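Commentary on secondary and tertiary structure
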Amino acid sequence: MNDIDKALELLLTKLELWGRHLVLMLPNLFLALLILVITFYVARLIRKGLEKVIARFSHSPALNNLISTLLYLAIVMIGFLLVLSVLKLDNVVVSLLAGVGIVGLALGFAFQDIAANFISGTIIAVQKPFGVGDMIETNDYFGVIERISLRTVNIRKVTGELVMLPNKMVFENPVTNYSFHGIRRVDLDARISYDEDLEQIQRIVIEALQDVKNRVKTRDVEVVYDKFDESSINFKARFWVTYTRQFDYVSAKSDAIIRIKKAFDERGIVIPYPVRVLDFNTKHSEALSDQLGAIKVAIKNDDKEDKQRD
């Protein structure tokens, strides 16, 4: 019984001591709670105001959200440190900061790829080398940008598939932006016979392509010869078209082919087929002739059998 009485007395003494400390800490607790409420209220007001201000200078929702969120967290952290200071928990603050540093270092090693994508996305949002709706080609993917976040660049391929590329891959590799200038050059390969008048062909092709779809009228149509082939002389027809989507390019190229073919047909100009010459020396020509003769005989026999069956 004496041990139980001593234990109860010790417990009551502790509870009485904690009660006195609680009474003494009540003003500090009330002040800490007030600081915490004010901190969240002020942080939210500043965040909303900053979002409106940033939106005037930046058109990247991801970057705007990042800046406002970082500022919000910074204000909340300052308020939290003030609360700990009011509660006279300064040692806890030092321990927390040390712990945050260690945890941050560990997380940095564990999630370095995520951090790299995050940093790359931030740089892309600041530099803005491309935007939503642009037609780009990167990492062997070609399509329209549908979304740019701080982690990925979403590309809708011309065949319909959606590709979500990590920002690190886009940032570290070449990117071709076909929509940057709003125009694109069409290079059309064609060939003509050696018998044709090359200067006349140039004039015919240039005239045929004057009204091609989406052509930029301020830039001339160019027709240049670039190769002597085995059965033809090859040339390139080059012209510029307005470009907002891939169909603008392919439809203009298709229209150019139709116009050139129609212009050639109206003037009796024939596009030559590739010609191949087979040269057999006398040593093997007799053997080849025998083989061809045997094939002809076999074909005739097959025809006779078919007729008899009929």
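Residues numbered from 1 in each chain as written. Predicted model: local features only at pLDDT ≥ 70, side-chain atom pairs only at ≥ 80, totals over all residues. Heavy atoms only, no water.

Thoughts on the sheet that holds strand S8 (residues 233-242)
Read across the sheet, three strands follow the order S6-S8-S7 without closing on themselves; strand pairing throughout is antiparallel. At either margin of the open sheet sits one strand with a lone partner, and together these are strand S6 (183-192) and strand S7 (222-228). When the angles between neighbouring strand axes are averaged without regard to direction, this sheet yields 25°. Along the sheet face, helix H6 (residues 198-208) touches S6, S7 and S8 and points at about 140° away from the line of S7. Against the sheet, helix H7 (residues 246-266) engages S6 and S8, with an angle of about 30° to S6. (Pairing = 2+ DSSP bridges. Helix = DSSP H or I, 4+ residues; strand = E, 2+ residues; numbered from the N terminus. Axes fitted to C-alpha atoms, helices over the stretch in contact; angles between N-to-C directions. Contact = heavy atoms within 4.5 Å.)

Comments concerning the sheet that holds strand S2 (residues 141-148)
With antiparallel pairing, the five strands of this open sheet are ordered in space as S4-S3-S2-S1-S5. For this open sheet the edge positions go to strand S4 (162-166) and strand S5 (175-177), each flanked by a neighbour on one side alone. Sheet twist, expressed as the average angle between the axes of neighbouring strands with direction ignored, equals 40°. The pairing of strand S1 (residues 135-138) with S2 spans four bridges and is classified as antiparallel. Paired with Glu-137 across the strands is Phe-142, a residue of S2.

Brief notes about the nonpolar core
Counting 27 residues, the largest nonpolar core has Ile-192, Ile-201, Val-205, Leu-209, Phe-235, Phe-239 and Phe-264 as the members making the most contacts within it. Secondary structure elements with two or more residues in this core: S6, H6, S8 and H7. For this core, the leading source of residues is H7, giving six residues. Here Val-205 is in contact with Val-223, Phe-235, Ala-237, Ile-260 and Phe-264, once residues within four sequence places are set aside. The next biggest cluster of nonpolar side chains, apart from the first, holds nine residues, and it includes Phe-130, Ile-145, Val-153 and Val-170. (Core = buried A, V, L, I, M, F, W, Y, C linked by side-chain atoms within 4.5 Å. Buried < 20%, exposed > 50% of the residue type's maximum accessible area, 1.4 Å probe, protein only.)

Comments concerning the side chain of Thr-152
Along the polypeptide, Thr-152 turns up in strand S3 (residues 152-157). Polar side-chain contacts of Thr-152 include one of 3.1 Å to the side chain of Asn-154. (Polar contact = N/O pair within 3.5 Å; in protein donor to acceptor, adjacent residues only side chain to side chain.)

Focus: the packing of H6 against H7
Each pair of packed helices can be described by the angle between their axes along with the distance between the axes. Where H6 meets H7, the closest approach of the two axes is 9 Å, and the angle between their N-to-C directions is 130°. Overall, the two elements H6 and H7 adopt an arrangement that is oblique. Considering only the axes of H6 and H7, their crossing is right-handed. Contact residues: H6 offers Ile-201, Ile-204, Val-205 and Ala-208, while H7 offers Arg-259, Ile-260, Ala-263 and Phe-264. In terms of residue class, the contact of H6 with H7 is built from seven nonpolar, no polar and one charged. (Parallel < 35°, antiparallel > 145°, perpendicular 65-115°, else oblique. Left-handed = near helix turned anticlockwise from the far one by under 90°. Nonpolar A, V, L, I, M, F, W, Y, C, P; charged D, E, K, R; others polar.)

Treat this as a map of the structure, not an account of what it does.
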